[in-house]
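Single-letter residue listing:
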Amino acid sequence: MTNWKICTIGDLGMVIGGATPSTKAAENYDGGTIAWITPKDLAGFSGRFISYGERNITKQGLKSCSAKLMPKHTVLFSSRAPIGYIAIANQELCTNQGFKSVVPNDDTDYKFLYYLLKYNKNKIENLGSGTTFKEVSGSTMRDIEVSVPTSIEEQRKIASVLSLLDDKIEKNASINKNLEQQAQAIFKSWFLDYKPFNGVRPIDWINGTIDDLAKEVVCGKTPSTKVKEYYGSDVPFIKIPDMHGNTYVVTTEQYLSNYGAASQAKKTLPPNSICVSCIGTAGLVTLVASKSQTNQQINAIVPKDKYSPFYIYLLMQTLSEVINKLGQSGSTIVNLNKTQFEKIKAIIPSITDMKTFDALVSPLFALILENQKENIRLSSLRNTLLPKLMSGELDVSNLDL
């Protein structure tokens, strides 16, 4: 390839590991203002830029361990199982020991470096070692050979092509977050504050349970994995990882064949059913975009005729913590069974009020679904272009960007 060179990741920037301040010393964390990122913060993370994690640390915490404060535009790469979470620091921050981050040199474009690591993710992961869990060491990370354009201008052009797609994906995600917040605000106004009803709950609303809202509550099931013919590409098979960060489940990691779905036909959910995770990570709530099935960790509500699926979806979000607590029952693993789930208390508004509410919020959810589908198409295009651009197969040197 012309104008490309073989070098190591260490040639492109400084590889830095992280550390964890002692959790026994409260002064390492209490009142901290320094962003401290762990791999958990990137689980289900769909954007490129990260500013904060779940926890901050203090200056004392930073001094107490070998963690280093890294500048904005450092590229974070999780190097300990799970290997391969990637993000760009959007401000000065530090990480725990689960990362080997790269601070780019002056002649390395940080966005190009992000896409380069994304492109080489599998290669880096395969170089991990360890018996209990795989980890990529700092020396291994530094010595990994990669191919890059010699010119930073060409690096920027490659990154710009991919960034155009990611910019739109992130914009759609931001719009969806705003649309859902609008729907939540309308829900609160109606069903918690009763503002359309002069602040008083209507007398024709009743106290009921989740079972009263449902035509059917379906606890999912996994078809036998010994029958290969049960699995294919026809019917989405929803698991908890598919629910993270999604209003609708549009695509899934695994699909059933029509034959597999027919083997447990009573488990099939129609569009706009509401999925709620009830085992393990409990309290996640999503809508079903198309005819689907779920595994046994999920209970799904098929709304009664004329009942608003969006009312039920937003109601279940308000009950997320309740679901989590009910499923604990003194155990370390949350497990809320179908019978317990059905008995959770819920307000049942009148059908007239639900229909009026549905008419207000359904356009918001229609836009959310449209944006999610567009993001899937854009992500597919980006993933197709990534190897072609990062290998030099597609020449961008003459592009005017």
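A brief look at the structure comes next.

Cut-offs and rules
Residues numbered from 1 in each chain as written. Predicted model: local features only at pLDDT ≥ 70, side-chain atom pairs only at ≥ 80, totals over all residues. Heavy atoms only, no water. 1 Å grid on protein atoms, 1.4 Å probe; cavity = no way out; pocket = protein on both sides within 12 Å on 5 of 7 lines; lining within 4 Å. Points joined across faces, edges and corners; volume = space filled by probe spheres on them. Helix = DSSP H or I, 4+ residues; strand = E, 2+ residues; numbered from the N terminus. Pairing = 2+ DSSP bridges. Nonpolar A, V, L, I, M, F, W, Y, C, P; charged D, E, K, R; others polar. Buried < 20%, exposed > 50% of the residue type's maximum accessible area, 1.4 Å probe, protein only. Contact = heavy atoms within 4.5 Å. Axes fitted to C-alpha atoms, helices over the stretch in contact; angles between N-to-C directions. Parallel < 35°, antiparallel > 145°, perpendicular 65-115°, else oblique. Salt bridge = Lys/Arg side-chain N within 4 Å of Asp/Glu carboxyl O. Phe/Tyr/Trp six-rings, centres within 6.5 Å; stacked < 30°, edge-to-face > 60°. Lys NZ or Arg CZ within 6 Å of the ring centre and 35° of its normal. Left-handed = near helix turned anticlockwise from the far one by under 90°.

1. Things to note about the layout of surface pockets
Estimated volume of the largest pocket: approximately 2,300 Å³. Around the largest pocket, the lining comprises 50 residues; the ones closest to its centre are Gly44, Phe45, Ser46, His244 and Asn246. Looking at the lining of the largest pocket, the elements with two or more residues in it are helix 2 (39–42), helix 4 (110–119), helix 7 (152–191), helix 9 (240–243), strand 17 (285–288), helix 11 (309–318) and helix 14 (351–390). Element by element, the count of residues in the lining of the largest pocket is highest for helix 7, at 10 residues.

2. A look at the sheet that holds strand 15 (residues 254–256)
Pairing is mixed across the open sheet formed by three strands, whose spatial order is 15-13-18. The sheet is open, and its two edges are formed by strand 15 and strand 18 (293–294), each paired on a single side.

3. Looking at the pairing of strand 17
When strand 14 (residues 248–249) meets strand 17, the two strands line up parallel, connected through two bridges. Opposite Val249, over in strand 17, you have Val288 as the bridge partner. Where strand 16 (residues 274–277) and strand 17 come together, three bridges link them in antiparallel fashion. Paired with Val276 across the strands is Val285, a residue of strand 17.

4. Comments concerning empty space enclosed by the protein
Summed over all chains, the structure comprises one cavity of 30 Å³ or more. Each pocket or cavity is described by its volume, and for the largest cavity that value is around 40 Å³. Forming the walls of the largest cavity are Lys5, Asp11, Leu12, Asp107, Thr108, Thr150 and Gln155. Of the residues assigned to the lining of the largest cavity, the class counts are one nonpolar, three polar and three charged.

5. Describing unusual backbone geometry
Put simply, Ala81 and Pro82 share a cis peptide bond, and its omega is 0°. Tracing the sequence through the fold places Pro82 in the loop between strand 6 (75–77) and strand 7 (86–89). Although it is not a glycine, His73 adopts a positive phi angle of roughly 80°. For His73, the location among the structural elements is in the loop between helix 3 (59–64) and strand 6. Its identity is not glycine, yet Asn198 carries a phi of approximately 60°, on the positive side. Considering the arrangement of structural elements, one finds Asn198 in the loop between helix 7 and strand 11 (206–209). Residue Asn198 is classed as exposed on the basis of its relative accessible area, which comes to 76%.

6. Observations concerning the sheet that holds strand 14
Strand pairing in a sheet relies on backbone hydrogen bonds. The paired strands run either parallel or antiparallel. The sheet built from five strands is open, its strands ordered 12-19-16-17-14 with mixed pairing. Looking at strand neighbours, the two that pair on one side only are strand 12 (214–219) and strand 14, the edges of this open sheet. Seen against the sheet, helix 11 touches strand 14, strand 16, strand 17 and strand 19 (298–303) and runs at an angle of roughly 160° to strand 17.

7. A closer look at the packing of helix 7 against helix 11
Packing of helix 7 against helix 11 leaves a shortest axis separation of 10 Å and a crossing angle of 85°. In terms of their interaxial angle, helix 7 and helix 11 are classed as roughly perpendicular. Contact residues: helix 7 offers Glu180, Ala183, Gln184, Phe187 and Phe191, while helix 11 offers Tyr311, Tyr313, Leu314, Leu315, Gln317 and Thr318. When the residues that make up the contact of helix 7 with helix 11 are grouped by side-chain class, the tally is seven nonpolar, three polar and one charged.

8. Some details on the pattern of salt bridges
As a working rule, side chains carrying opposite charge can pair if their charged atoms are close by. One pass over the structure, following the stated rule, counts 11 salt bridges. Among the ionic pairs, Lys338 bridges to Glu342, the shortest N-O distance being 3.0 Å. Residue Lys338 and its partner Glu342 are located together in helix 13 (residues 338–342), separated by four residues, close to a single helical turn. Among the residues examined, Lys338 registers a relative accessible area of 30% and is labelled partly exposed. Each of Arg48, Asp167 and Glu170 takes part in salt bridges that share partners, so that together they form one network.

9. Considering the packing of aromatic side chains
Per the stated rule, a full pass over the model turns up 16 aromatic pairs. For the ring pair Phe187 and Phe191, a centre distance of 5.2 Å and an interplane angle of 50° mean the geometry is tilted. Within this pair, Phe187 and its partner Phe191 are both found in helix 7, separated by four residues, close to a single helical turn. Phe187 sits in the buried class, given a relative accessible area of 4%. On the accessibility criterion, Phe191 (3% relative accessible area) is buried. Taken together, the aromatic side chains of Phe187, Trp190, Phe191, Tyr194, Phe197, Trp205, Tyr311 and Phe357 make up a single cluster linked through ring pairs. In this structure, Arg55 is placed above the aromatic ring of Tyr29, and the distance from its NZ or CZ to the ring centre is 4.0 Å.

10. Things to note about the packing of helix 7 against helix 14
Orientation of helix 7 relative to helix 14, taken along the N-to-C sense of each, is 165°, at an axis distance of 9 Å. It follows that helix 7 is roughly antiparallel to helix 14 by the angle criterion. Remark: the crossing between helix 7 and helix 14 carries left-handed chirality. Tallied by class, residues from the contact of helix 7 with helix 14 come to 26 nonpolar, eight polar and six charged.

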